[in-house]
Protein chains: 8
Amino acid sequence: MEIHELLQKVKDNEISLQDAEKYLKTLPYEDLGFAKLDHHRALRSGFGEVVYCAGKTQEHLAKIYESFSKRKSNVLGTRASQEQFEYVKQTVPDAVYDPLSHTISLKFDEHERVGMIAVCTGGTSDIAVAEEAAVTAEFFGSNVERIYDVGVAGIHRLFSKMPEIQKANCVVAVAGMEGALAGVIAGVVDKPVIAVPTSIGYGANFGGLSALLTMLNSCAEGIAVVNIDNGFGAGYMVTQIYRLAAVKEKEI
Amino acid sequence: MEIHELLQKVKDNEISLQDAEKYLKTLPYEDLGFAKLDHHRALRSGFGEVVYCAGKTQEHLAKIYESFSKRKSNVLGTRASQEQFEYVKQTVPDAVYDPLSHTISLKFDEHERVGMIAVCTGGTSDIAVAEEAAVTAEFFGSNVERIYDVGVAGIHRLFSKMPEIQKANCVVAVAGMEGALAGVIAGVVDKPVIAVPTSIGYGANFGGLSALLTMLNSCAEGIAVVNIDNGFGAGYMVTQIYRLAAVKEKEI
Amino acid sequence: MEIHELLQKVKDNEISLQDAEKYLKTLPYEDLGFAKLDHHRALRSGFGEVVYCAGKTQEHLAKIYESFSKRKSNVLGTRASQEQFEYVKQTVPDAVYDPLSHTISLKFDEHERVGMIAVCTGGTSDIAVAEEAAVTAEFFGSNVERIYDVGVAGIHRLFSKMPEIQKANCVVAVAGMEGALAGVIAGVVDKPVIAVPTSIGYGANFGGLSALLTMLNSCAEGIAVVNIDNGFGAGYMVTQIYRLAAVKEKEI
Amino acid sequence: MEIHELLQKVKDNEISLQDAEKYLKTLPYEDLGFAKLDHHRALRSGFGEVVYCAGKTQEHLAKIYESFSKRKSNVLGTRASQEQFEYVKQTVPDAVYDPLSHTISLKFDEHERVGMIAVCTGGTSDIAVAEEAAVTAEFFGSNVERIYDVGVAGIHRLFSKMPEIQKANCVVAVAGMEGALAGVIAGVVDKPVIAVPTSIGYGANFGGLSALLTMLNSCAEGIAVVNIDNGFGAGYMVTQIYRLAAVKEKEI
Amino acid sequence: MEIHELLQKVKDNEISLQDAEKYLKTLPYEDLGFAKLDHHRALRSGFGEVVYCAGKTQEHLAKIYESFSKRKSNVLGTRASQEQFEYVKQTVPDAVYDPLSHTISLKFDEHERVGMIAVCTGGTSDIAVAEEAAVTAEFFGSNVERIYDVGVAGIHRLFSKMPEIQKANCVVAVAGMEGALAGVIAGVVDKPVIAVPTSIGYGANFGGLSALLTMLNSCAEGIAVVNIDNGFGAGYMVTQIYRLAAVKEKEI
Amino acid sequence: MEIHELLQKVKDNEISLQDAEKYLKTLPYEDLGFAKLDHHRALRSGFGEVVYCAGKTQEHLAKIYESFSKRKSNVLGTRASQEQFEYVKQTVPDAVYDPLSHTISLKFDEHERVGMIAVCTGGTSDIAVAEEAAVTAEFFGSNVERIYDVGVAGIHRLFSKMPEIQKANCVVAVAGMEGALAGVIAGVVDKPVIAVPTSIGYGANFGGLSALLTMLNSCAEGIAVVNIDNGFGAGYMVTQIYRLAAVKEKEI
Amino acid sequence: MEIHELLQKVKDNEISLQDAEKYLKTLPYEDLGFAKLDHHRALRSGFGEVVYCAGKTQEHLAKIYESFSKRKSNVLGTRASQEQFEYVKQTVPDAVYDPLSHTISLKFDEHERVGMIAVCTGGTSDIAVAEEAAVTAEFFGSNVERIYDVGVAGIHRLFSKMPEIQKANCVVAVAGMEGALAGVIAGVVDKPVIAVPTSIGYGANFGGLSALLTMLNSCAEGIAVVNIDNGFGAGYMVTQIYRLAAVKEKEI
Amino acid sequence: MEIHELLQKVKDNEISLQDAEKYLKTLPYEDLGFAKLDHHRALRSGFGEVVYCAGKTQEHLAKIYESFSKRKSNVLGTRASQEQFEYVKQTVPDAVYDPLSHTISLKFDEHERVGMIAVCTGGTSDIAVAEEAAVTAEFFGSNVERIYDVGVAGIHRLFSKMPEIQKANCVVAVAGMEGALAGVIAGVVDKPVIAVPTSIGYGANFGGLSALLTMLNSCAEGIAVVNIDNGFGAGYMVTQIYRLAAVKEKEI
């Protein structure tokens, strides 16, 4: 029962004041208009949903994909293993696995991509995390420029790619070990930089803590950080950011 | 000497190949077109510069403000003490101190503000950090809606303010102690959320570590984190983000 | 406007459906029935409110106490300094300071106390935190038995007090340094034990971390932990626990 | 020999003063009346004992269960593996394994359950820990309401379940990652909340540290914390708490 | 009432069985024969007691010393400030302050010292902690050889003192910064080494953590560690150790 | 060449001053009389040597044992796996494996054991570490009393064993989780207590850190700590301590 | 196109000013003269390149070695597994695996080695890291003296080797556990010491943190530290250091 | 008595064998040829000694300077306060204080400086630490090029200074906050880089830990790290390194 309907019933004496009062007190909040589910739906119109696969049983995952498949709805599964994919594929043959980003995607329609996100990594070992970010951003309708292995230890590599990075609306900087990539890029571009520390490294990297602290303490301006190895979080965040511009465009 | 000028001289035989080659090798990178200084200048056109006051001597600071004053250029000083202000004021009487955000501002012209940034805090003790973010965002031309003391321990306070938060283009969530505010907001709005952990709290908050970890580990999507107590960083980041939309607007 | 009043107006056509709907969507959540303010009020009926004084300005604090004073409402201020009290006292002469627990209390009526909470400390330096717990529990209507300086290093002291501890409905165990007190008590009594680690100690106590970890890792059953030095949290928690029994009593 | 018996013998001159004195000095403390074993026995009357299975050999475990089986005594084994169960089952065919909570239960009689404990989780991955808490509480005679996957990132899910949570006498809040669930619930209900941080998450969750710190630093009142992943500890604690009320009931 | 007395009364029918039983159940444990107070008393016979002064009020401390003074009993106060001493001295003029070890001693008789404890430090800044250890050991009747500033960075200094160290029954090794002194000594002598990490140092010494970890991880055999800066603990421990030998001596 | 021999040669003009000087400058320090090897030899006379097996190849280990076997010299191998033993046994059939303490021992003569070391554990899972301590102490000639599973959570178990513990010359207290055992024992006995934290536990025990900090911060006197899980270190330390007494005995 | 060539073309009017300007702005930085690649090339002339093998696929690695093999260029692969080597060997039969240092080397010419680097370890378990350092230094043309198992716990072993260590130009000190080796050596030699903490140890070594902190906090002068287990980093650093001297030699 | 003198006496029968033997066993190790004091003396010939002033009493410090003054020996005091200097100056008027590096120097002769050390800082707040490094290097005879405020956040500043940095024999990179400066420089120059993390920053810099971890985890080659804020350590280390070259020069 919608609020409107309830109030109408109160007015029409079809429901007692007491019952209406009680109902309102336990009203599910999603009906109040601001719950995420709603704009999620709006956001994903034509894009689809995202499923976190790690820790889910194969049976559970297959049912989820089957459900999306029946609704002809796009879906992106992150942190998926090859084994999970093999099982899902038996039920949903159209599902596609990307071993680099560890994602299972199921797409029924493809939207025109807009804008440009630059996804950069310090080393080649950071690529798995970067691909998760890139694939997520693409899934939500962004163009992505991949610029990998441009760590600051050989800074000429990074600078030779700077023109491409400069063109992007938003930058995702993925780095492990010392994690200085994000700060150096943020010092040179004038776009928001989302920094993703990775757990790549050894010794005193303490599972990504070194890169995390570097990025949080960057003296460069225009940089914010997501969790260690959280490529999806960065991909989603840049989508959120870029949509601000996209919405502007559409509004006009 | 600009690159263009140099090449013209090469063409006109006014400089030897050897000298030109040597000059190019040591060319300050700011002349190459992508260095931050440039777009900084572009960004701040009509806005002004930001000075980090903490640790600077009073004499040094007064000279900096005097220099801006002579150029009739806006300037915002962050982490400034009352003492620093008193000294600066003797030289630059137009400087204004804001004890809440610990900033010294000097403004010669005021720009029309656009957009809307919501700056929220969990408690009243987080307000100093929040004001640094708010004043920074305003300095760079954003409208700011302050929504303070809406921590999740009394979540009805937060939800009664949700309509205002929903209207913003971008949200800054400032919280210490458990730091759950950012995640809860990000779960409800569909705009980018920049989370600022503060060092407010006691016991096992370990100087802001508790709030920092909470924010980094948030399961909500569309959230990125800056350093503990880094209000300026958040204020700058949302400016970067919002400018994407603003630029779009202007371009059309 | 209360929900009841609103619905009555809808029924009586004194408010349009549209306005009523809009009002409900932004209704302060405290009116919906589950928000804390309500049962807070219920809980505190005749007990009063609690104010966290640390970090509040003297002016602010004095106004808060003045407001409670006018309403003849009990109030307990925690983490208050002697200086804050001196200022408040000028406006509210009935306010009383307790230097042991660092609380400012203002009481207009005294309720009969029920039940029994045992508040124990490992050493004499833990007493400030313990008193905060004890005074809080008393403020909310519990009897409190103080059993101080019974740390496990001289375990005969603890055991000679065990009969008193056994009689309590609930135990608060406050200890710094090694923090073993909570586990030893929990192993001997069959009542819930709320453990409060304190920052008392030196060297590798790391600001209370040692006691915190000890308490969290206790192999004894029936123990739960609050933040380091959080006497108020423990005092409130045992009140919550004890009220379960008290409510039972009243219901019959 | 009981104390009473000993004293009788002293009185009757059946034992020398010297021997009686010596005996008393080394008297096992469980006979002194306050040792846990006693009230344990009281508590468990009709409920049974709990065995921590992790790290025990299969042979050892089978003998323990055999012993309980012969005494027709209920027993709950926690942290048990499927392998341990298979082995135990050969000796004790009535033993039942619950793969969700990793428990092996052996029950000869079932008590009427009283009260109501709400066990909530932030995500689906926290369910194993939550089930350990729930099964423990049920084993000791509580009713349990399971409310899973109501993390604060989609807070409407939590609020739609709030009426059920409000009805409980006591709440167990189980969450990993950011761990904000416990604080949000404690801010809304007026019952004791036992918070269980879990090691679920990745990156900067540092094996559950993030959730642990969040819960310890919660600004909500009426919350206490047990060790990371310690579902049993929470289940036992709420039993201790609830028994206060239950005892009251019985007394009348 | 002593146990013996009680039993006699039971035998003589001067006390009822019921009362005797009740008395025994709450009997202070110090009467049972194994409590520390007893052998403390034995240990200190002729030596005196130790008082931890830090955090005690001047009034409290003065009363404690006055009490010992009246009983003509030796007492050693550790972690005492000059201010505390000045106040105590007004009441107890015989009290003596040692600014190096921060101790206030009051001695009425002096015992012959036996054995030999070598107290070594890495640097001159570690001397305060070392003196606390040395003065404690002397207070309890040991001879002490002070060997200061023999850190491993100039290992020839340590080795030139090795003959003295070799002669000791027991070694206390006090060091901050890298804290390697304890391990090197333990590798060369064949006596027990008690290691005391100090908080001396800067940067990544993290308040003594670096020295603590070094000492705990020493590959040398025959070394055990006390808390950071805990000179008293080391002084007491070596006394405990040395008494084993001393007792042997006396027994023969 | 011994120093004495060298000097004789100098005196007899059999060696030039220059050569003697050069020789002295590079003289191996073991010849100077204080190196550990010497008293090691003294200590082990009739006891044997200790080998740390972990990380050694099977071939290497077999050769070591073969060498001891040929010399008819006792040897104790710690941290040895079953696999290592099987391999060693092929070459040295007299070697004996103890799966509890993970040691391989080879004994050709057995010495009369003297004194008494009490080795106590908090739980059954700590027994492996405790056995390493016990077997080491026995190997070096001590009597050992094993008192296991007497953790403070059920403190009556510990106290019923206190008479045995009191009789020991020295106590080794082995505990994981909260690790309070060592402090409680040290508060009751008047003998040196060597505390061994173990990595047993889960959640916030952080690999033994919780027990380590508890033990270091114990307010009980007469306690010192070795590395996490370092049973051998404790066994060796108590041997060092006890030998002080033993030497005394022999000297007389 | 080189800068020189470009300028010539500008002069000769073969390229427009506009095109030249554009070209210069995006010029790969390695051409500007200071990029590492250049002096890398210089450094490695006749030495070869280094490849980090860990995490690389076998196919990828084989192609890299094939490429070097075709160019007859020396290459050193670090952190290589036996499996990686077996695969590479099929394509490049001249590749040689060193199981101690986990390196795959391919050498076409051997340079005369100069200077002397002493590589020392505390224990035998540190040898893998030490060999990585030694093999790296040899690859870049240094003589290496291996001095293993000279930890400070038996310091006579270290001192008996001191004459060899003294002769070296530079020392690499590799140690785990307490990590005191580096400080002791630095206190005795007057050459730069590069310290390498290793993750060898157990308990409170926390993956090498103990040795790392020891080395950073060393009070000895002339010591600097690389990452935990980073043998390659140390080997490269000493090469950098030694080349200063070598270049001097060559220059004359 | 020197070794040579002793041996001569032995030869001449002026000392008994027994006395000579005894003397040699306790001989100060500095005479044995490898002890640091010797090359210290060599190193400092004409340079002087270094005194760590922090924590020394004014009286103590004045005496030390007086002693050097009498011997006409150069001395450099580090970590000295203005107050310490004022006191020293009363006794030794020639002493000079440098408030930037917090050093007190006393120089009687000035040596020609050789080589070139580049000392770089990320920000202006790092200058105090950098100056300690620079002044130390100069004291030991190096030329120093100061290149301050070239942090990676505005990387064009660093690169415009690269030619100067390239010219140096050795680089000291001083940086707080993110600490990326060292890695970026090491990636561009081919000289040894000594990295000094500073405690400058706020929030999650944790007293310099962030910069320390960044520097240790740098993927650039040819970098080693000293303790947080340890400018002296870096200045001494580069002196050690540079002397290798200098010695070479002199030898020829």
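It should be emphasised that the depicted structure is a prediction, and the values quoted were computed from it without experimental measurement.

About the criteria used
- Residues numbered from 1 in each chain as written.
- Chains lettered and ligands numbered in written order.
- Predicted model: local features only at pLDDT ≥ 70, side-chain atom pairs only at ≥ 80, totals over all residues.
- Heavy atoms only, no water.
- Pairing = 2+ DSSP bridges.
- Helix = DSSP H or I, 4+ residues; strand = E, 2+ residues; numbered from the N terminus.
- Axes fitted to C-alpha atoms, helices over the stretch in contact; angles between N-to-C directions.
- Buried < 20%, exposed > 50% of the residue type's maximum accessible area, 1.4 Å probe, protein only.
- Expected span 1.5 Å × (residues − 1).
- Arc of directions from axis to C-beta.
- Contact = heavy atoms within 4.5 Å.
- Disulfide = S-S within 2.5 Å.
- Domains from an automatic or database assignment.
- Buried area = accessible area lost by both parts, 1.4 Å probe.
- Salt bridge = Lys/Arg side-chain N within 4 Å of Asp/Glu carboxyl O.

Asker: Just give me the short version of the sheet that holds strand β2 (residues 75-78) of chain G, but keep the residues and values in it.
Answerer: Residue and element names in this part refer to chain G. Strand order in the open sheet formed by four strands is β1-β2-β4-β3, and the pairing between neighbours is mixed. Every other strand in the sheet has two partners, leaving β1 (49-52) and β3 (96-98) as the edge strands with one partner each. Shown here is a sheet whose adjacent strand axes are inclined to one another by a mean of 20°, direction ignored. By the bridge criterion, three bridges tie β2 to strand β4 (residues 103-106) in an arrangement that is antiparallel. Its bridge partner lying in β4, L76 is registered against S105.

Asker: Got a sec to walk through the pairing of strand β1 (residues 49-52) of chain E? Specific residues and values, please.
Answerer: Within a regular strand, the side chains alternate between the two sheet faces. Strand direction decides the pairing type here: β1(E) and strand β2 (residues 75-78) of chain E, joined by four bridges, are parallel. Paired with E:V51 across the two strands is E:G77, which belongs to β2(E).

Asker: Describe helix α10 (residues 209-216) of chain F, naming the residues involved and giving the relevant values.
Answerer: With eight of eight residues buried, α10(F) lies mostly within the body of the structure. For α10(F), the full list of buried residues reads F:L209, F:S210, F:A211, F:L212, F:L213, F:T214, F:M215 and F:L216.

Asker: Run through helix α4 (residues 58-70) of chain E, naming residues and quoting values.
Answerer: Residues and elements named next belong to chain E. Taking 1.5 Å per residue, 13 residues should reach 18 Å; α4 reaches 18 Å between its end C-alpha atoms and fits that length. Taken together, the buried positions of α4 are occupied by L61, A62, I64, Y65 and F68. Buried positions in α4, seen along its axis, are confined to an arc of 160° and lie on one side of it. Of the exposed residues in α4, the ones pointing more than 90 degrees away from its buried face are K63 and K70. For α4, the secondary structure elements touched by its buried residues are β1, β2, α5 (82-91) and β4 (103-106). Just downstream of α4 lies K72, where phi reads positive at about 55°.

Asker: Before we move on, can you summarise the state of the cysteines with the specific residues and values?
Answerer: Chemically, a disulfide is nothing more than a covalent bond linking the sulfur atoms of two cysteines. On inspection of all chains with the given rule, the structure shows zero disulfides over all chains. Of all cysteine sulfurs in the structure, the one in D:C170 sits closest to D:C120, which takes part in no disulfide; the separation is 11 Å. F:C53 takes part in no disulfide bond, and the closest cysteine sulfur to it belongs to E:C219, at a distance of 17 Å. Overall, F:C53 belongs to the buried group, its relative accessible area being 0%.

Asker: Before we move on, could you go through the domain arrangement of chain A and cite the residues and values that matter?
Answerer: All names here are of chain A. Looking at chain A, the domain boundaries give domain 1 (7-106) and domain 2 (114-251). Listed per partner, the contact involves 18 residues of domain 1 and 14 residues of domain 2. The junction of domain 1 with domain 2 conceals about 1,300 Å² of combined surface from both sides, 70% of it contributed by carbon and sulfur atoms. At the junction of domain 1 with domain 2, the criterion picks out one salt bridge.

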